[in-house]
Structures are given as C-alpha cells and as structure tokens.
Amino acid sequence: MSTDDSNSLELASNSSIPRHIAIIMDGNGRWAQKRFMPRAIGHQAGVKAVRKIVEYCARQEVKVLTLFAFSSENWRRPEEEVSLLMGLFTATLQREINKLDRNNIRLRFIGDRTKFSDKLQEKMLEGEFQTKDNNALTLVVAANYGGRWDMSQAFQTIMEKIMAGDLESQDISEQLINQYLSTSDLPEPDLFIRTGGEQRVSNFLLWQLAYTELYFTETLWPDFDQHSLEDAIKSFKSRQRRFGHTGEQMLDKSITLI
Ligand code: IPE
Ligand code: IPE
Ligand code: MG
C-alpha cells in the first residue's frame, strides 16, 4: 500500500472514539484453570476487570458500554456455577450501585429478568432507579440476554399491538422493530469486542451488530485492561466504515452517510 493510500484510509476512517462499545467478556474459567484454581476465582477476577474497564470508559467519551454478563444459554452450566454467578452478580450490584451513582453512571439491564430471584430483580430495579438521571456513561449489563430473545419479545409486543388495532402489519419496518428492542433508546454499537480467543457472537446483540466493527482478542477477560481496550479502540479508529458505500464515497464529505 502506498503512503497516499494509507493517508486516504486515515482520512476516511472514523477517527472519533466509539460511542457505544459492546463486549463479550469471555475467558474467566480458562484464566482460573490456567492457574489451577476453581472457575469461581476466574469470575471474581472478571469482576475486577469490569470495574477497571467501566472506570476507563467513564473517563473517555464513550457514551454506552454494554457488557455481556450472562447469556440465555449460560443456564446450561453446572448448577453450582450458575448459583455462584448469581451470588456474585447480586453482591457486586449491592456493592457498586452507590459508586456508579457517584460517578454519574446510568445503569441499565437488558435481558429476561423474570428468571432471576426476587432479591436480584429488586436490586436491578433499585440500581436502575437510583442512577436513571445520570448522564456520563450508560452501563448496560446484558443478563439472561439473548439476541434471539430480544427479537422475539419485540415481535410479540408488535403482534399484540396489531391485534389490539394500535398498529397495522404494513407499519412493520426496520425502524419499528428497532423501537421494540431492549436497546431502542441506545445508539447501535460501534465496536464489538470479544475476549478469550473465540470468534463467535454467541447470541449477543444479533440485530444491533449489523454494522458494528468486530474485534477479537486472545486476552482472557480478567487480563483485559485499559491498554487492551486502547488497542481495540486503536484498531477501530484505523478502519474505514463504509455502510455499503464505496471507499471513494466515504472520502466525499458532501454526501450523506447511512
Ligand atoms: C465468561 O467466562 C463469563 C460468563 C460466561 C459468565 P467463561 O466462564 O465463559 O470462561 P471460559 O470461556 O470457560 O474460559
Ligand atoms: C458468552 O460466553 C456469554 C458471556 C460472556 C456472558 P460463553 O462462554 O457462554 O460463550 P460460548 O458458550 O463459548 O459460545
Ligand atoms: Mg466462555
């Protein structure tokens, strides 16, 4: 590639920091197993990594950080690990809500929360209510979340509205479906990160990732720190997001993108 080409790419890339980062925090179990420790220790170390990444994003201009904490498929794990994760989730919430609030962070949950214990559901509501007016960073925790669940619940509500006569089938459009997803009020993720070496989406934000830049790293989640995130953001900044246009069109500032 000539110097000229790389200059054009630089110019055409989205040079700003991603507004919305979505992360699959994978590799806690392997992190512990590598140290001959129980998986539980890996999950605890994972919580520490969460704290650092949230703090970093709040200091930057990131507006939304979505973290995949527990997937709708994670119930398939041994009962002991599921109950450990639930306990850790509850304890972390209890401990962190005030701190998030002091740092002007708005906490949100996406996913089917009806499967959680009453106590956990209460804590989730409490956290959302206490931080609802904060506007530095929105921290979205995906818990018992699945991309397919999100779409089905949206279609169900749309269907109910059609049956009630509040909507007509012709009204169904991408914009309308968007409005009924759990992320309706959030910008689409600009950058998706998966730690732990696997290159798959594991039923995360299926609809929302349509034009997200994907970044995979071998780093196990408990080892993922500010520098790892800076590497991911650097990779993001070097890319040219074309949204279906040609590279040349992206250089022409007079055209409307998307
Ligand atoms: C991610 O780490 C955390 C959750 C899914 C809750 P894993 O527990 O999947 O760790 P690995 O993939 O087994 O190493
Ligand atoms: C995805 O990780 C879910 C979370 C990080 C919460 P998994 O470890 O569950 O994904 P698979 O099973 O390897 O696809
Ligand atoms: Mg895993």
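Definitions and limits used
Residues numbered from 1 in each chain as written. Chains lettered and ligands numbered in written order. Predicted model: local features only at pLDDT ≥ 70, side-chain atom pairs only at ≥ 80, totals over all residues. Heavy atoms only, no water. Near = heavy atom within 4 Å. Polar contact = N/O pair within 3.5 Å; in protein donor to acceptor, adjacent residues only side chain to side chain. Areas by Shrake-Rupley, 256 points an atom, 1.4 Å probe, with all protein chains shown as cover. Helix = DSSP H or I, 4+ residues; strand = E, 2+ residues; numbered from the N terminus. Nonpolar A, V, L, I, M, F, W, Y, C, P; charged D, E, K, R; others polar. Axes fitted to C-alpha atoms, helices over the stretch in contact; angles between N-to-C directions. Parallel < 35°, antiparallel > 145°, perpendicular 65-115°, else oblique. Left-handed = near helix turned anticlockwise from the far one by under 90°. Contact = heavy atoms within 4.5 Å. Salt bridge = Lys/Arg side-chain N within 4 Å of Asp/Glu carboxyl O. Buried < 20%, exposed > 50% of the residue type's maximum accessible area, 1.4 Å probe, protein only. Expected span 1.5 Å × (residues − 1). Arc of directions from axis to C-beta.

Residue-level account of the site of ligand 1, with values.
Taken together, 13 residues surround ligand 1, and among them Asp-26, Gly-29, Arg-30, Arg-39 and Arg-77 come closest. Within the contact set of ligand 1, an oxygen atom lies 3.2 Å away from a backbone nitrogen or oxygen of Asn-28. Between Arg-30 and ligand 1, the recorded distance is 2.7 Å, taken from a side-chain N or O atom to an oxygen atom. When ligand 1 sits alone it has 380 Å² of accessible area, and the protein chains cover 87% of it. Of all the elements, helix H2 (residues 28-34) adds the most residues to the shell around ligand 1, at 3 residues. For the shell around ligand 1, a count of residues per class yields 3 nonpolar, 5 polar and 5 charged.

Requested: an account of the packing of helix H4 (residues 79-102) against helix H5 (residues 118-130), with residues and values cited.
Where H4 meets H5, the axes come as close as 10 Å, and the angle between the chain directions of the two elements is 20°. Accordingly, the angle class assigned to the pair H4 and H5 is roughly parallel. Two packed elements cross with a definite hand, and for H4 against H5 that hand is left-handed. The residues of H5 that touch H4, namely those facing Met-86, Phe-89, Thr-90, Leu-93, Gln-94, Ile-97, Asn-98 and Asp-101, are Lys-119, Leu-120, Lys-123, Met-124, Gly-127 and Gln-130. Residue composition of the contact of H4 with H5, grouped by class: 6 nonpolar, 5 polar and 3 charged.

Let's hear about the pattern of salt bridges: which residues, and what values?
Taken as a whole, this structure holds 17 salt bridges when the rule is applied. The salt bridge partner of Arg-30 is Asp-26, with a shortest N-O separation of 3.3 Å. Given a relative accessible area of 17%, Asp-26 falls into the buried group. A salt bridge links Arg-194 to Asp-26, with the nearest nitrogen and oxygen atoms 2.9 Å apart. Of this pair, Arg-194 sits in strand E5 (residues 191-194) while Asp-26 is found in the loop between strand E1 (20-24) and H2, placing the two residues 168 residues apart along the sequence. The exposure classification of Arg-194 matches that of Asp-26, with both residues buried. A single salt-bridge network, built from bridges that share partners, covers Asp-26, Arg-30, Arg-194, Glu-198 and Arg-200.

I'd like a description of H5, backed by residues and values.
Along an α-helix, residues three or four apart share an orientation, since each turn contains 3.6 residues. Over its 13 residues, H5 extends 18 Å from the first C-alpha to the last, a length consistent with the 18 Å expected when each residue adds 1.5 Å. Among the residues making up H5, those that are buried are Leu-120, Lys-123, Met-124, Gly-127 and Glu-128. For H5, the angular spread of buried residues about the axis comes to 130°, placing them on one side. Turned more than 90 degrees from where H5 packs its buried face, Asp-118, Lys-119, Glu-122, Leu-125 and Phe-129 sit exposed. On its buried face, H5 is in contact with H4 and strand E3 (105-110).

Please give an account of the site of ligand 2 that cites residues and values.
The full set of residues close to ligand 2 is Ile-24, Met-25, Asp-26, Phe-68, Ala-69, Phe-70, Ser-71, Asn-74, Arg-77, Arg-194, Arg-200 and Ser-202. Note that an oxygen atom of ligand 2 is positioned 3.2 Å from one of the side-chain N or O atoms of Arg-77. Between ligand 2 and the protein, one listed contact pairs an oxygen atom with a side-chain N or O atom of Ser-202 at 2.6 Å. In isolation ligand 2 offers 390 Å² of accessible surface; the protein chains occlude 78% of this area. Per-element accounting of the shell around ligand 2 gives the leading share, 4 residues, to strand E2 (residues 64-71). Along the lines of polarity and charge, the residues of the shell around ligand 2 split into 5 nonpolar, 3 polar and 4 charged.

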